[in-house]
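# A structural walkthrough
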Amino acid sequence: MIINGVKYPLLTSRKVKLNIQDTFNKELPADPIFSNERRQVEEACYSFVTPRVPSNPTVIHVSSEMLHEIGLTEEDAKSVDFKKIFSGAELLEGTSPFAMCYAGHQFGNWAGQLGDGRAINLCEVEHKNRRWALQLKGAGETPYSRTADGFAVLRSSVREHLCSEAMYHLGIPTTRSLSLSLTGDQVLRDMMYDGNAAYEKGAVVCRVAPSFLRFGSYQIFMARKDKDTLRTLVDYTMKHFYPHIVGRETDDYLHFFQEVVDRTLDMVIHWQRVGFVHGVMNTDNMSILGLTIDYGPYGWLEGYDPDWTPNTTDASGKRYRYGNQPNIALWNLMQLANALYPLVEDVPALEAVLKSYQQRYPKKYYTMMGDKIGIITHSELDMKLIQQLEESLQLTETDMTIFFRLLSDINPISMNKKEALEIVKVAFYNPLELGDKVEHEWLSWMKKYMQRLSEEESSISDRKNKMDAINPKYVLRNYMAQLAIDKAKEGDYKMIDDLYQLLKNPYTEQPENEQWFAKRPEWARKKVGCSMLSCSS
Ligand code: AMP
Ligand code: MG
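The residue numbers shown here count from 1 along each chain, following its written sequence. Starting at A for chains and at 1 for ligands, labels are handed out in the order in which the entities are written. The predicted nature of this model means local features are confined to residues of pLDDT at least 70 and side-chain atom pairs, given and counted, to a pLDDT of 80 or more, with totals for whole chains, interfaces and linings taken over all residues. Derived side-chain values reflect all non-hydrogen atoms in the structure, with water molecules and hydrogen atoms excluded from consideration.

## What to know about the overall build of the protein chain
To be explicit about the condition: Numbering goes from the N terminus for both helices and strands, where a helix is a DSSP run of H or I of at least four residues and a strand is a run of E of at least two. Each radius of gyration reported is based on C-alpha atoms, and the globular scaling rule is 2.2 Å times the count of residues to the power 0.38. Burial classification: accessible surface area is computed with a 1.4 Å probe over protein chains only, and a residue below 20% of its type maximum counts as buried, one above 50% as exposed, and the rest as partly exposed. Working rule for contacts: check all heavy atoms of both residues, and any pair within 4.5 Å makes them a contact. Using the Shrake-Rupley algorithm and a 1.4 Å probe, accessible areas are obtained, with residue cover drawn only from the displayed protein chains. This count recognises Lys and Arg as positive and Asp and Glu as negative, with His and chain-terminal groups excluded. We put the charge of a Lys on NZ, of an Arg on CZ, of an Asp on CG and of a Glu on CD.
What the protein chain contains, in helices and strands, is 17 helices and 15 strands. Over its C-alpha trace the protein chain gives a radius of gyration of 24 Å, about what one expects of a compact globule, namely 24 Å for 537 residues. Based on the C-alpha atoms only, the size of the protein chain along its principal axes is roughly 75 × 55 × 45 Å. In the protein chain, which comprises 537 residues, the proportion classed as buried is 59%. When contacts within the protein chain are restricted to residue pairs at least 6 apart in sequence, long-range pairs at least 24 apart make up 73% of them. Of the roughly 21,600 Å² of accessible surface on the protein chain, 51% is carried by carbon and sulfur atoms. When the 63 basic and 71 acidic side-chain charges of the protein chain are each reduced to a single mean position, those positions are 2 Å apart.

Below, the structure is given as structure tokens:
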């Protein structure tokens, strides 16, 4: 096969047998031009492209769960065919890879056409009645690469691979990652955008999700007043991913929007629960399936701080800070409402759906926070207790993960408030000064909290089990990912697997891994890659 002037070897793999069932590139309009030349692509949802052949690919990690989900085995993953397919070296016979066309609002501003600048969809696979799109990220140029090179570097690829799988095991809707490969090629990056460009190892991640459609995939057709393609794409999305809606209601499109709103709300509540900060919630990074997508300069709250953002590109406005994520999700949904308007043509109805987000968010948030602190029978009064806790957490720069995990060890019957405070104070980065105002604040909260717990009917062990099932013991702390990256840069990939294994059971006590249940070391406080990340990836 020859695409874009490149003669492609077609692989009839005996090893890697996938049940390929493409829909996106069969049912939706394609760009008629077969070239990688950067261009505006109109009246089309994607452009056919081929991955760039890497010079010396090596698979350095595979997610065994994801492998099984698409119907492959560990044996398959060790094959040369696997390496070739998932690094972009060869194409599976019968597949027609493509890059998706989309637009988006970046940092609140309309950015026009963006598209998959370095992501290439290989094919869709059906296994166990589930549909999966397989996509290589970092596999070379596309018509949407704009001024960039189409590649990805090892550091960002390790972060995407590990975090996608960690989020999945935390029970958070997310795109997944099948494999992480080195390409053998060097990629030039100016990591901190300060004029110090350097070569880094190139890598490719094979991402997996039912679909990689984003809010921006719909926005582009609204912006171009292309109602026909918009309708075709929304119909496709509903047919494959929201089939329960189709034909059930007269207002299918509105119903579809309501479901996207609900899923997005659920996703954001999960982020707030575990202290995940996405970092670049642009509308092109918002999945139409309510999945966490595009792991770039994300981070995990260490000290609980609603104003924290890991993204140095966002340092001045802090638009994407932890505490603002629910608002931004709503803002993004509003842009999606605008995009769907030509199909719905009913402003009050769309506004009512957006309003439902605003009305439900506080209730869902306080219920989630109530669950985190072990309050099962929620009441309005608990809101005050939670708000006071949010304030206290900031007085001592408190490690969010450690604090909530230890909280389940508090016994309101056998302990007094000082003993209870002793339990959680290991989570404080700023130690308490005995007898000062901050200690007083904490003791005041603890007293109210213990009083509240004693009104609960469930047993202490019951409560602990429930709390430990939603307050993770292990998350991918920013410095942990960086340690694994530093090792990987030297050719040692063991830590990638160690972290991957650890994060498969984030809610389970793992005594042999207690070293990862610790506050961020002081060296990581301001280190690039740990607390400061740019969009360069
Ligand atoms: P992001 O916000 O990182 O998801 O990326 C925004 C846009 O830039 C998307 O259209 C990406 O495909 C594109 N992009 C990011 N990095 C590259 C790259 N190295 N080469 C080509 N396109 C890129
Ligand atoms: Mg993106």
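This is not the end of the story, as more comes after the structure.
## Concerning the site of ligand 1
Formally: For this description, a residue counts as near a given molecule or strand if any of its non-hydrogen atoms is within 4 Å of it. We define a polar contact as two N or O atoms separated by no more than 3.5 Å, with the added condition that, inside protein, one atom must be a possible hydrogen donor and the other a possible acceptor, whereas residues neighbouring each other in sequence contribute only through side-chain atom pairs.
Taken together, 17 residues form the shell around ligand 1, and within it Gly115, Gly117, Arg146, Gly150 and Asp294 come nearest. One of the backbone nitrogen or oxygen atoms of Gly117 is found 2.7 Å away from an oxygen atom of ligand 1. Asp294 places a side-chain nitrogen or oxygen 3.0 Å from an oxygen atom of ligand 1. Considering ligand 1 on its own, with 480 Å² of exposed area, one finds that the protein chains cover 83% of that surface.

## A few points about the domain arrangement of the protein chain
Cut-off, in case you're wondering: Residue ranges for the domains originate in an automatic or database domain assignment.
Considered domain by domain, the protein chain is made up of domain 1 (2-18 + 34-215) and domain 2 (375-455). Between the C-alpha centres of domain 1 and domain 2 there is a distance of 45 Å.

## Things to note about the pattern of salt bridges
Definition in use: Basic side-chain nitrogens of Lys or Arg form a salt bridge, by our definition, when they fall within 4 Å of a carboxyl oxygen of Asp or Glu.
Using the criterion set out here, one finds 36 salt bridges in the structure. Between Glu90 and Lys84 there is a salt bridge, with the nearest N and O atoms lying 3.5 Å from each other. Exposure remark for Glu90: the relative accessible area of 16% places this residue in the buried category. Relative accessible area serves as the criterion here: at 25%, Lys84 is assigned to the partly exposed category. The closest approach of N and O atoms between Lys473 and Glu514, which form a salt bridge, is 3.2 Å. Taken together, the residues Lys473 in the loop between α15 (460-468) and α16 (478-489) and Glu514 in the segment after α17 (494-502) connect sequence positions 41 residues apart. With relative accessibility at 37%, the residue Glu514 sits in the partly exposed group. Here the residues in one salt-bridge network are Lys137, Glu160, Arg207, Arg214 and Asp294, joined through shared partners.

## Brief notes about the layout of surface pockets
Put simply, the test is: A cavity here means a set of points on a 1 Å grid, drawn over the protein atoms and nothing else, where a 1.4 Å probe fits but cannot get out; a pocket is an open set with protein on both sides within 12 Å along at least five of seven lines, and a residue lines either one if it has an atom within 4 Å of a point. Grid points are joined across faces, edges and corners, and a volume is the space filled by probe spheres set on the points. Here the term charged refers only to Asp, Glu, Lys and Arg, the term nonpolar to Ala, Val, Leu, Ile, Met, Phe, Trp, Tyr, Cys and Pro, and the term polar to all other amino acids, Gly among them.
Counted as a void, the second largest pocket has a volume near 430 Å³. Taken together, 23 residues form the lining of the second largest pocket, with Trp308, Arg520, Arg525, Lys526 and Ser531 sitting closest to its centre. Across the lining of the second largest pocket, the residue classes break down as 9 nonpolar, 7 polar and 7 charged.

## Considerations on the packing of aromatic side chains
Here is the rule: Any two of the Phe, Tyr and Trp rings considered here, Trp counted by its six-membered ring, make a pair once their centres fall within 6.5 Å; the pair's planes then place it as stacked at under 30 degrees, edge-to-face at over 60, or tilted in between. Charge-over-ring placement is defined geometrically: NZ (Lys) or CZ (Arg) within 6 Å of the ring centre, and within 35 degrees of the ring normal.
Taken as a whole, this structure holds 27 aromatic pairs when the rule is applied. Here the aromatic rings of Phe82 and Phe86 are separated by 4.6 Å at their centres, their planes lie at 55 degrees, and the arrangement is tilted. Separated by 4 residues within a single helix, Phe82 and Phe86 lie in helix α4 (residues 80-87), roughly one turn from each other. Taken individually, Phe82 and Phe86 each receive the classification buried, so the pair is uniform in this respect. On the basis of an interplanar angle of 65 degrees and a centroid distance of 6.0 Å, the ring pair of Phe276 and Tyr295 is categorised as edge-to-face. Here the residue Phe276 occupies a position in strand β14 (residues 276-277), and Tyr295 occupies one in the loop between β14 and β15 (299-300), the gap between them amounting to 19 residues. There is no split in this pair, since Phe276 and Tyr295 are both buried. Counting every residue linked through ring pairs, the aromatic cluster contains Phe24, Phe34, Tyr46, Phe48, Phe98, Tyr236 and Phe241. Just above the ring of Tyr168 sits the side chain of Arg176; from NZ or CZ to the centre is 3.5 Å.

## What to know about empty space enclosed by the protein
Scanning the model with the defined rule gives 4 cavities of 30 Å³ or more in all. Taken as a whole, the largest cavity encloses approximately 80 Å³ of empty space. Forming the boundary of the largest cavity are 15 residues, of which Arg52, Gly138, Phe151, Thr183 and Asp185 lie nearest the centre. Mapped by element, the contributors of at least two residues to the lining of the largest cavity are β12 (176-189) and β13 (198-209). Looking at the lining of the largest cavity, its residues break down into 8 nonpolar, 5 polar and 2 charged. Quantified by volume, the second largest cavity comes out at close to 70 Å³. By residue number, the principal contributor to the lining of the second largest cavity is strand β10 (residues 119-127), which donates 3 residues. Tallied by class, the residues present in the lining of the second largest cavity amount to 8 nonpolar, 2 polar and 1 charged.

## Details of α15
Residue pairs three or four apart in sequence face the same way in an α-helix, which turns once every 3.6 residues. Selection rule: Think of it as the arc spanned by the lines of direction from the helix axis to the C-beta atoms.
Within the sequence span of α15, burial applies to Arg463, Met467 and Asp468. Projected onto a plane normal to the axis of α15, the buried residues spread over an arc of 125 degrees and lie on a single side. Elements that come into contact with the buried residues of α15 comprise α10 (347-372), α12 (400-407) and α14 (437-454).

## A closer look at the environment of Gln219
Position of Gln219 among the secondary structure elements: in helix α6 (residues 215-223). Gln219 sits 156 residues away from Ile375 along the chain, and the two C-alpha atoms are 41 Å apart. Filtering out sequence-adjacent residues up to four positions away, Gln219 remains in contact with Gly104, His105, Trp110, Thr283, Gln335 and Ala339.

## Some details on the pairing of β10
To keep things clear, this is the line we draw: By this definition, two strands are paired if DSSP reports at least two bridges between them.
Counting buried positions along β10 gives 7 out of 9 residues, so the element sits mostly inside the fold. Relative to strand β11 (residues 130-137), β10 runs antiparallel, the two being bridged by 8 bridges. Within β11, the residue paired with Cys123 across the bridge is Leu134.

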